[in-house]
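Okay, here's what each chain looks like letter by letter:
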Amino acid sequence: MALAAFYVLALVTLGGAIGVVTVRNIIHAALFLLVTLGGVAGFFALLYAEFLALAQVLIYSGAVVIVILFALMLTRRGEVELMDEHRRWPVAAAVSFGLFAVMAAAFIADAARYQADVRSSVSLDALGAVLFERWAAPFEIASLVLLVALIGAIVIARSGGRDEG
Amino acid sequence: MTLLHFELLGAALFCLGLYGALARRSAVLVLMSIELMLNGVNVLLVAFAAYGVRDNATGLVIAIFVITIAAAEVALAMAIVLRLFRSRGSVNVDEIDALRG
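Note that this is a predicted model, so its numbers are computed, not measured.

Here the focus is the environment of Asp125(A). All names here are of chain A. Take Asp125: it is sitting in helix 5 (residues 124-133). Residue Asp125 is classed as exposed on the basis of its relative accessible area of 67%. Taking C-alpha positions, Asp125 is 23 Å from Tyr60, a pair spaced 65 residues apart along the chain.

Turning our attention to the packing of aromatic side chains. Evaluation of the coordinates by the stated rule reveals seven aromatic pairs over all chains. Between the aromatic rings of Phe6(A) and Phe6(B), the centroid separation amounts to 5.0 Å while the plane-to-plane angle is 80°, which identifies the pairing as edge-to-face. Highlighted residues: Phe6(A) in helix 1 (residues 2-22) and Phe6(B) in helix 1 (residues 3-23), drawn from two different chains. Each member of the pair Phe6(A) and Phe6(B) is classed as buried. With a centroid separation of 6.1 Å and an interplanar angle of 85°, the aromatic rings of Phe43(A) and Phe6(B) are classed as edge-to-face. One end of the pair, Phe43(A), is in helix 2 (residues 26-46); the other, Phe6(B), is in helix 1, on a second chain. Here Phe43(A) matches Phe6(B) in class, with each residue buried. Ring pairing ties together the aromatic residues Phe6(A), Tyr7(A), Phe43(A), Phe6(B) and Tyr51(B), which thus form one cluster.

This brings us to the interface of chain A and chain B. Counting from both sides, the interface comprises 88 residues of chain A and, opposite them, 72 residues of chain B. Together chain A and chain B conceal approximately 7,300 Å² of surface at their shared face, both sides included; 77% is due to carbon and sulfur atoms. Applying the counting rule to chain A against chain B returns eight residue pairs in polar contact (both at pLDDT 80 or more). Secondary structure elements with two or more residues in the side of chain A that touches chain B: helix 1, helix 2, helix 3 (50-74), helix 4 (89-110), helix 5 and helix 6 (136-157) of chain A. It is helix 1 of chain A that contributes the most residues to the side of chain A that touches chain B, 13 residues altogether. Residue composition of the side of chain A that touches chain B, by class: 63 nonpolar, 14 polar and 11 charged.

Let us now look at the environment of Leu34(A). Residue and element names in this part refer to chain A. Note on placement: Leu34 falls in helix 2. Residue classification places Leu34 among the partly exposed positions, given a relative accessible area of 33%. Spatially, the C-alpha atoms of Leu34 and Ser61 are 5.7 Å apart, while their sequence positions differ by 27 residues.

Conventions adopted
Residues numbered from 1 in each chain as written. Chains lettered and ligands numbered in written order. Predicted model: local features only at pLDDT ≥ 70, side-chain atom pairs only at ≥ 80, totals over all residues. Heavy atoms only, no water. Helix = DSSP H or I, 4+ residues; strand = E, 2+ residues; numbered from the N terminus. Buried < 20%, exposed > 50% of the residue type's maximum accessible area, 1.4 Å probe, protein only. Phe/Tyr/Trp six-rings, centres within 6.5 Å; stacked < 30°, edge-to-face > 60°. Contact = heavy atoms within 4.5 Å. Buried area = accessible area lost by both parts, 1.4 Å probe. Polar contact = N/O pair within 3.5 Å; in protein donor to acceptor, adjacent residues only side chain to side chain. Nonpolar A, V, L, I, M, F, W, Y, C, P; charged D, E, K, R; others polar.

What follows is the structure, given as structure tokens:
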């Protein structure tokens, strides 16, 4: 049952990812990205990481895709632009396929050590305790990074700068 | 369903994102491809945590940090894309080759 769910989710996720990197209409690419991010949330649920599945849906499928759609709609003139691939796309395809082959070979060579189908979960309490005890300093730094990035985004995107045009 | 399934899936997502980041012309599409790569890494991190390759919670905590940084990155990158569009009228990464505003 779980294996069937895995394959269905893999089909949806990888299909969406292929759509993101190949489809010519930018708006469609953003919607394919939504499908892929939803599929990844499904994988988090399969891996018993329910907090991450929730965060994935809220932050990625919610906020990130909306921001991307807004940026798409603010950066086009009239018609939806159709973007062609770069003319060097075969090189890009070869590089990424080569990297995939290397990674897959490494994972398959190592697979014998991790045959067991025993997934363990971390309870939300334990995750919170670890996050706020052992990882407290990185957590605070991450919040600072987020704050600085958002203020920076406002400053950069603010209209009416002198160097406009 | 073993760890290998999730490893191959994460690697496939990462490599599809890499292809998109290299082959796409629009800055927004490059950004979406980078999101795909980050998601591939996150699948790997959570899978390693769930199968107990490392101490259980570590992978989850790092995945949370990756999601946080990705959110910051998207906000900043979209602001840059908007500014770029206003000053250049294009978000084609081939045409943007000067650091000067």
